[in-house]
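# Tertiary structure, described
Okay, here's what each chain looks like letter by letter:
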Amino acid sequence: NDQDATHSNMRADLARLLSLSIALLISTCPTIEAALTPPAMLQDIFLGRCELYSVNFNQTNFDCEALTDAFVAMTQNQNSNTIENVLDLSGMTSDANKVLLWSGSGNSITNDVAHRLQVALPNSYQTLENTRLGSSANGLVWCEGTLPSCSAGPYCSFCFWALISERFVSTIKGNMSILLYGSYSTTSIFYQYEIPALNASQITSVNLMLISNISSSASSCDSNSTKELVNALATQLPGVPIKCEHEPDVVQHLLCASGFYGPNSLLCQFAEDYVNRLNALNESCSKKLTANEGVAVALCSCLFGIICASLVMLYCARKGKLGNGTVTPKSQPNRLAHSLNTLGHTSVVP
């Protein structure tokens, strides 16, 4: 019996190691997941990623096998109940003040920038794909097709992401960010499922960050498309401040580093601006002092020198050495008093 138990544990460990290996292989070869994911690999990929998440976030007590079984069962019989079961087992939640939603006409671009932001600033941003369920299922396709609504089915990969996005967004607390490229679709998951799931009682502010669409003006904060989005957000989140930024520095730097605008784009020549700011700062710090400022600096320097000299002589006096000779402890206070008197201080009484 002991041998059987040992062999069983070894098989379980080997299976887990195989799942982790497959997950790592898939994560380094994302093109494998571009099409329909082979059913035979679906379970191993999901389980391996779940275990990897547990290791990365020190949550090794989580039951990845139970979540994987529920996920596989959901892919074979998709409906709202099976999807909700997966969500419940995953413990879907979000980190306060960190959630970053993304959408737009160039989803691959927005996706790339959003996750570059998350990797560069993990303490500032969290996307759905950074949750356990999101990271485990990311890129997996078990059936094809997108639908304008998932309320009645059939439930496919699109509807799975729609419903888990809805649950994820409903947990947002504090400040949140939205990354948008170009225009957005009113049939997108972002517009149909995420915006209606926002909870005004939990959200304190919204930061809308726009990425330039070179062929369109839809990415401007003043465009009709953006104004319509802000109105939709304001309707869902009454009283919550919404700020729109067109490519804040952190986004622009990532886009330039990735070559999005091309090697010689004027949008990426911001280094000169920083140099000018630095020169202006140096100039303001090295300006000439006025007469009053000069007197103040001189007085402060003099006072500082007196204090330092007093401390040095006090230290020497306590050590029993002052001037050129050795001083006995008994005569030390008088010698210190004399020294301080020469500096204009009140005599010290022994």
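The rules behind these values
Residues numbered from 1 in each chain as written. Predicted model: local features only at pLDDT ≥ 70, side-chain atom pairs only at ≥ 80, totals over all residues. Heavy atoms only, no water. Helix = DSSP H or I, 4+ residues; strand = E, 2+ residues; numbered from the N terminus. Expected span 1.5 Å × (residues − 1). Buried < 20%, exposed > 50% of the residue type's maximum accessible area, 1.4 Å probe, protein only. Arc of directions from axis to C-beta. Contact = heavy atoms within 4.5 Å. Pairing = 2+ DSSP bridges. Axes fitted to C-alpha atoms, helices over the stretch in contact; angles between N-to-C directions. Phe/Tyr/Trp six-rings, centres within 6.5 Å; stacked < 30°, edge-to-face > 60°. Right-handed = clockwise from strand over helix to strand, strands pointing away. Disulfide = S-S within 2.5 Å. Core = buried A, V, L, I, M, F, W, Y, C linked by side-chain atoms within 4.5 Å. Salt bridge = Lys/Arg side-chain N within 4 Å of Asp/Glu carboxyl O.

### Some details on helix H9 (residues 224–236)
- Taking 1.5 Å of rise per residue, 13 residues should cover 18 Å, and H9 covers 18 Å from first to last C-alpha, within 8% of that figure.
- Taken as a whole, H9 has its buried residues at Ser-225, Thr-226, Leu-229, Ala-232 and Leu-233. The arc enclosing the buried residues of H9, seen along the axis, measures out at 120°, which places them on a common side. H9 presents Asn-224 and Thr-235 as exposed residues on the side facing more than 90 degrees away from its buried surface.
- At its buried positions, H9 is contacted by strand S2 (174–181), helix H8 (189–197), strand S3 (203–211) and strand S4 (242–246).

### Things to note about the sheet that holds S2
- The strand order S1-S2-S3-S4 describes an open sheet built from four strands, whose pairing is parallel. This sheet does not close on itself; its edge strands, each paired only once, are strand S1 (100–104) and S4. Mean inter-strand twist for the sheet, computed between neighbouring axes without regard to direction, equals 20°.
- Of the pairings in the sheet, the one linking S3 to S4 comprises five bridges and is parallel in character. Within S4, the residue paired with Asn-207 across the bridge is Lys-243.

### Regarding the packing of aromatic side chains
- One pass over the full model with this rule turns up six aromatic pairs.
- Look at Phe-160 and Trp-161: their rings are 5.5 Å apart centre to centre, the planes differ by 80°, and that puts the pair in the edge-to-face class. Like Trp-161, Phe-160 is buried.

### Examining the pairing of S3
- Burial runs high along S3: seven of the nine residues are buried.
- Two elements, S2 and S3, share eight bridges in a ladder whose sense is parallel. Each residue of the ladder has a partner; that of Gly-174, found in S3, is Ile-203.
- On the question of chirality, the crossover connecting S2 to the parallel S3 by way of H8 is right-handed.

### So, the state of the cysteines
- Within the structure shown, the criterion is met by two disulfides.
- Note on cysteine connectivity: Cys-50 is disulfide-linked to Cys-64, with sulfurs 2.1 Å apart. Across the S-S bond linking Cys-50 and Cys-64, the dihedral sits near -80°, which makes this disulfide left-handed. With Cys-50 in helix H2 (residues 39–56) and Cys-64 in helix H3 (residues 64–76), this residue pair connects regions lying 14 residues apart in the sequence.
- Relative accessible area serves as the criterion here: at 0%, Cys-50 is assigned to the buried category.
- Note on cysteine connectivity: Cys-221 is disulfide-linked to Cys-244, with sulfurs 2.1 Å apart. In this structure the cystine formed by Cys-221 and Cys-244 twists about its S-S bond by roughly -90°; its chirality is therefore left-handed. One end of the pair, Cys-221, is in the loop between S3 and H9; the other, Cys-244, is in strand S4, and 23 residues separate them in sequence.

### Some points on the nonpolar core
- In this structure, Phe-71, Leu-101 and Phe-160 are the most contacted members of the largest nonpolar core, which totals 51 residues.
- With nine residues, the single largest contributor to this core is helix H7 (residues 157–170).
- Setting aside chain neighbours within four positions, we find Leu-101 in contact with Phe-168, Val-169, Ile-172, Met-176, Ser-177, Ile-178, Leu-179, Phe-190 and Glu-194.
- With 15 residues, the next largest nonpolar core counts Leu-100, Ala-114, Val-251 and Tyr-261 among its residues.

### Focus: the pairing of S2
- Burial runs high along S2: seven of the eight residues are buried.
- Two elements, S1 and S2, share five bridges in a ladder whose sense is parallel. Among the inter-strand pairings, Leu-101 is bridged to a residue of S2, identified as Ile-178.

### Topic: H3
- In this model, H3 (13 residues) spans 18 Å end to end at C-alpha, consistent with the 18 Å of a helix rising 1.5 Å per residue.
- Every buried residue of H3 is accounted for by Cys-64, Leu-67, Thr-68, Ala-70, Phe-71, Val-72, Met-74 and Thr-75.
- Here the buried face of H3 lies against H2, helix H4 (80–90), helix H6 (132–137) and H7.

### Thoughts on the pattern of salt bridges
- On inspection of all chains with the given rule, the structure shows five salt bridges.
- With its nearest N and O atoms 3.5 Å apart, the salt bridge here joins Asp-95 to Lys-98.
- Because the salt bridges share partners, they merge into one network encompassing Glu-84, Asp-88 and Arg-167.

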